[in-house]
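# Examination of the molecular architecture
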Amino acid sequence: MVAWALTLGWPALGSGAENSTPRLRDVYAQEFMIGVALSAAQVDGRERRAGELAAEQFAAITPENAMKWQALHPQPDRYDFKAADAYVEFAGRHKLSLIGHTLVWHSQVPAWVFEGADGRPATREVMLNRMRQHIHAVVGRYKGKVKGWDVVNEALSDHGADILRDSLWRRLIGDDYIDHAFRFAREADPDTELYYNDYGLENPRKRANSVTLIRGLLDRGVPITGVGTQSHFHLDYPALADVDRTLAALSSLGLKVMVTELDVDVLPSRGNAGIADLNRSEAGDASMNPYTAGLPDEIQTRLAHRYRDLFAVYRRHRGSITRVTLWGLDDRQSWLNHFPIKRRTNHPLLFDRDLKPKPAFFALVHDRRPNAGGGTK
Ligand code: 9MR
């Protein structure tokens, strides 16, 4: 760590120079907003230091889980807004933009949503009513407080001839469930931004399908303002050229483009990189969990270079990219400690388990300092 900070020209943390640590949000302010996904504990005061660090470093926050259907609307006649309200309060107090995540997704939705009378699947009409009520209740409550909503999440398929995922939303409503979700969200808040969000768009098939899907929405006059590419990456996957091609393809749609869930898995994998489908799980053994005692310098360096290279691509697309959000503040929080193998020690983010900035953090601020010698545009 110390060696790294020195190489990159920044004071080592713990050297008493923390106050001069640059702020990511300032470093990139002219290009795009930098955001972070926060856990409930990070915003409600239980993890106060993490909350303070997030508010200092980032300009936007996304609730990692608190605005999902299961969390907000566990039973037909019961909403629970407590955890979600804490994000609104936190964002307001620290003057951060709040991103709503997510209204219509195949995952984290309670079973009752898809059930009709007598245990049969709900009809199209019932499903559309439920979706509309939910969206109105949630988007309506946070009207004027949420900068933009991930309206539909992960509707594209990973394999097969169909563009769309075989979800219960699609089966029970039909392919137009996506159009309806956006229209209901627009009814509920005429001013908030409305996004389509998905993972794995660097895969050429899924990239092409995302363009087809969104062009269809635009042709039908569906009110969409942005598209999010989640960006759950690995050290070597995907190739930067594919990241670049995806951003170019999404930019060509004329919508705002966002990197919404960026992280870099450093652990070994058995293939399937790029498929962030939570239904997927793999068996683990010790060889699949090599960095329990900390990340070796060599991998720490590769991680820093990976972030540096990704942000160089993002900067090239700054005309269309409006936000880059990290999927978590620190390594302890990351979902990648449990996916696709449970209980591992992953190191995918910019801050370590003690909330100390990692070499990857310094790599992102290093050539963006004013007077850093050609780093600024
Ligand atoms: O990071 C989230 C994790 O804490 C949850 O257990 C999981 C299920 O709700 O969702 C994770 O976040 C996902 C996001 O909502 C959508 N894209 C993929 C993310 C990683 O699974």
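Here, every reference points to the structure presented above.
Bear in mind that the values here come from a model prediction, so they are computed numbers and not experimental data. (Residues numbered from 1 in each chain as written. Predicted model: local features only at pLDDT ≥ 70, side-chain atom pairs only at ≥ 80, totals over all residues. Heavy atoms only, no water.)

## Focus on empty space enclosed by the protein
For the structure on display, the rule yields three cavities of 30 Å³ or more. Computed from the structure, the largest cavity encloses a volume of approximately 110 Å³. As for the largest cavity, its lining consists of 16 residues, of which His 232, His 234, Asp 265, Leu 336 and Phe 339 are closest to the centre. Mapped onto the lining of the largest cavity, the elements with two or more residues apiece are strand S7 (232–234) and strand S8 (256–265). Counting residues per element, the lining of the largest cavity draws most heavily on S7, which supplies three residues. (1 Å grid on protein atoms, 1.4 Å probe; cavity = no way out; pocket = protein on both sides within 12 Å on 5 of 7 lines; lining within 4 Å. Points joined across faces, edges and corners; volume = space filled by probe spheres on them. Helix = DSSP H or I, 4+ residues; strand = E, 2+ residues; numbered from the N terminus.)

## With respect to helix H9 (residues 177–188)
For H9, with 12 residues, the first-to-last C-alpha span of 17 Å sits near the 16 Å given by 1.5 Å per residue. Turning to H9, its buried residues are Tyr 177, Ile 178, Asp 179, Ala 181, Phe 182, Phe 184, Ala 185 and Ala 188. Its buried side turned inward, H9 meets strand S3 (97–104), helix H7 (124–141), strand S4 (148–153), helix H8 (168–173), strand S5 (193–198) and helix H10 (204–219). (Expected span 1.5 Å × (residues − 1). Buried < 20%, exposed > 50% of the residue type's maximum accessible area, 1.4 Å probe, protein only. Contact = heavy atoms within 4.5 Å.)

## Here's the deal with the site of the ligand
Around the ligand sit 14 residues in total, of which Glu 64, Lys 68, His 101, Glu 154 and Glu 261 are the nearest. Residue Lys 68 places a side-chain N or O atom 2.7 Å away from an oxygen atom belonging to the ligand. A distance of 2.7 Å separates a nitrogen atom of the ligand from a polar side-chain atom of Glu 261. Its free accessible area being 460 Å², the ligand has 86% of it covered by the protein chains. Among the cavities detected, the one that contains the ligand is the largest pocket. When grouped by side-chain class, the residues that make up the shell around the ligand number four nonpolar, six polar and four charged. (Near = heavy atom within 4 Å. Polar contact = N/O pair within 3.5 Å; in protein donor to acceptor, adjacent residues only side chain to side chain. Areas by Shrake-Rupley, 256 points an atom, 1.4 Å probe, with all protein chains shown as cover. Sits in = over half its atoms within 2 Å of the grid points. Nonpolar A, V, L, I, M, F, W, Y, C, P; charged D, E, K, R; others polar.)

## As for the nonpolar core
Ranked by size, the top nonpolar core spans 106 residues in total, and within it Trp 169, Tyr 307 and Tyr 314 carry the most contacts. A total of eight residues in this core trace back to one element, the largest contributor, which is helix H12 (residues 297–316). Trp 169 has contacts with Trp 69, Val 104, Trp 105, His 106, Val 109, Val 113, Phe 114, Met 127, Met 131, Gly 174 and Tyr 177, leaving out every residue within four places of it along the chain. Counting eight residues, the second-largest nonpolar core is a separate cluster that includes Ala 37, Tyr 199, Ala 276 and Trp 327. (Core = buried A, V, L, I, M, F, W, Y, C linked by side-chain atoms within 4.5 Å.)

## Points about the packing of helix H11 (residues 240–251) against H12
Look at H11 against H12: their axes get within 10 Å of each other, and the N-to-C directions meet at 30°. What the angle tells us is that H11 and H12 run roughly parallel. Where H11 crosses over H12, the two elements pack in a sense that is right-handed. Across the interface between the two elements, Leu 240, Val 243, Asp 244 and Leu 247 of H11 pack against Arg 306, Asp 309, Leu 310, Val 313, Tyr 314 and Arg 316 of H12. (Axes fitted to C-alpha atoms, helices over the stretch in contact; angles between N-to-C directions. Parallel < 35°, antiparallel > 145°, perpendicular 65-115°, else oblique. Left-handed = near helix turned anticlockwise from the far one by under 90°.)

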